[in-house]
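Residue-level structural notes
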Amino acid sequence: MHNTPDNFGSKRAAYIQGAKDALTIPALILGSTYMGFGALVSETGLEVWHALISTAVNWAIPGQIATMELYAINASLFAIAAAVGLINCRLMPMTIVLMPFIRNKTTPKIVYYFMSNFIAVTGWAAAMKRCPNLPEEQRLPYFTGFVVPLWSVCMLATYIGYHLPGLLPAEVTMGLVFLNPVYFMLVFLADFTQPGRPTALILGAILGPLTFLLTPNWSLLITGLVAGTIAFLISERKLKKAQS
């Protein structure tokens, strides 16, 4: 069988290609971001194991930062769980969208429950770009090959970052955290030809500042809900017209 960009030839080859795709710019950006996160945890006075456990089980920078900041001010476990749950609820629709593309009949369901914990924006974007065009049996191996090495890099970067304060200026270590949202924006811009994405991004850029002026605490949620819904409806309407 001849390999093509949409067929790696085997599950093993799909896993290896996923790792190759991850251990380039995604690893560089996320590694830098998690170095910044590790430095943030260090400066709050928490132990390195706090940072490592957070990265191991959470692996989503916004929720992790909220966890550390709330923990540092002795917030209740309920308050921490509620805050992180609200922040990370954005991952639920991403999981719902991705799972049909990586599921196959021969893999036990427990594997998907486990792998769903690795769904974050970077892995999701890569899988949504690659997996729909792969043979069904290569999709999960590609996703696994992408996210597991990337997660490992983030664990190592968290540990290194924890020991950075004092070696680099505070502005540099804290600035590393903000590489992540910039990278996410560039990832989505790279797929600007996908239906609905230009509309969602443009509406989000317009509505974000306006809703922030009205309600800073709820602006992000409102912007995402409104811009995403409008983009989805417009995309669905165009798709129906194209099929009619």
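Details of the structure are given in the entry above.
The paragraphs below set out a description of the structure included in this document.

Cut-offs used in this document
- Residues numbered from 1 in each chain as written.
- Predicted model: local features only at pLDDT ≥ 70, side-chain atom pairs only at ≥ 80, totals over all residues.
- Heavy atoms only, no water.
- Helix = DSSP H or I, 4+ residues; strand = E, 2+ residues; numbered from the N terminus.
- Buried < 20%, exposed > 50% of the residue type's maximum accessible area, 1.4 Å probe, protein only.
- Contact = heavy atoms within 4.5 Å.
- Areas by Shrake-Rupley, 256 points an atom, 1.4 Å probe, with all protein chains shown as cover.
- Phe/Tyr/Trp six-rings, centres within 6.5 Å; stacked < 30°, edge-to-face > 60°.
- Axes fitted to C-alpha atoms, helices over the stretch in contact; angles between N-to-C directions.
- Left-handed = near helix turned anticlockwise from the far one by under 90°.
- Nonpolar A, V, L, I, M, F, W, Y, C, P; charged D, E, K, R; others polar.
- Salt bridge = Lys/Arg side-chain N within 4 Å of Asp/Glu carboxyl O.

**Digging into the overall build of the chain**
Of the regular secondary structure elements, the chain holds 13 helices and zero strands. In the chain, the order of α-helices and β-strands from amino to carboxyl end is α-α-α-α-α-α-α-α-α-α-α-α-α. Counting every position in the chain, which comprises 244 residues, the buried fraction comes to 41%. In the chain, of all internal contacts separated by at least 6 residues, the share reaching a separation of at least 24 is 75%. As presented, the chain carries roughly 14,100 Å² of accessible surface, and 71% of it is formed by carbon and sulfur atoms.

**Focus: the packing of aromatic side chains**
Under the criterion given, the structure shown has six aromatic pairs. Measuring from ring centre to ring centre gives 5.6 Å for Phe114 and Phe118, while their planes differ by 70°; the resulting arrangement is edge-to-face. The exposure class of Phe118 is buried, given its relative accessible area of 10%. Residues Tyr142 and Phe146 carry aromatic rings whose centres are separated by 6.5 Å and whose planes lie at 35° to one another, so their mutual orientation is tilted. Of this pair, Tyr142 and Phe146 both sit in helix H9 (residues 136-162), four residues apart, which is roughly one turn of that helix. Of the two residues examined, Tyr142 and Phe146, each falls in the buried class. Taken together, the aromatic side chains of Trp59, Phe114, Phe118 and Trp151 make up a single cluster linked through ring pairs.

**Observations concerning the packing of helix H6 (residues 91-102) against helix H8 (residues 121-130)**
Their axes nearest at 10 Å, the elements H6 and H8 cross at an angle of 35°. Between H6 and H8 the crossing geometry is left-handed. When H6 is examined against H8, the residues Met94, Val97, Leu98 and Phe101 are found in contact with a partner set consisting of Val121, Trp124, Ala127 and Met128. The class makeup of the residues in the contact of H6 with H8 is eight nonpolar, no polar and no charged.

**Looking at the environment of Ala231**
Here Ala231 shows up in helix H13 (residues 219-243). Judged by its relative accessible area of 4%, Ala231 is buried. Separated by 31 residues in sequence, Ala231 and Ala200 place their C-alpha atoms 5.1 Å apart.

**A look at the pattern of salt bridges**
Per the stated rule, a full pass over the model turns up one salt bridge. Here Asp21 ties to Arg130 by a salt bridge, and the two come within 3.4 Å at their closest N and O atoms. Here Arg130 lies in helix H8 and Asp21 lies in helix H1 (residues 11-22), a separation of 109 residues in the sequence.

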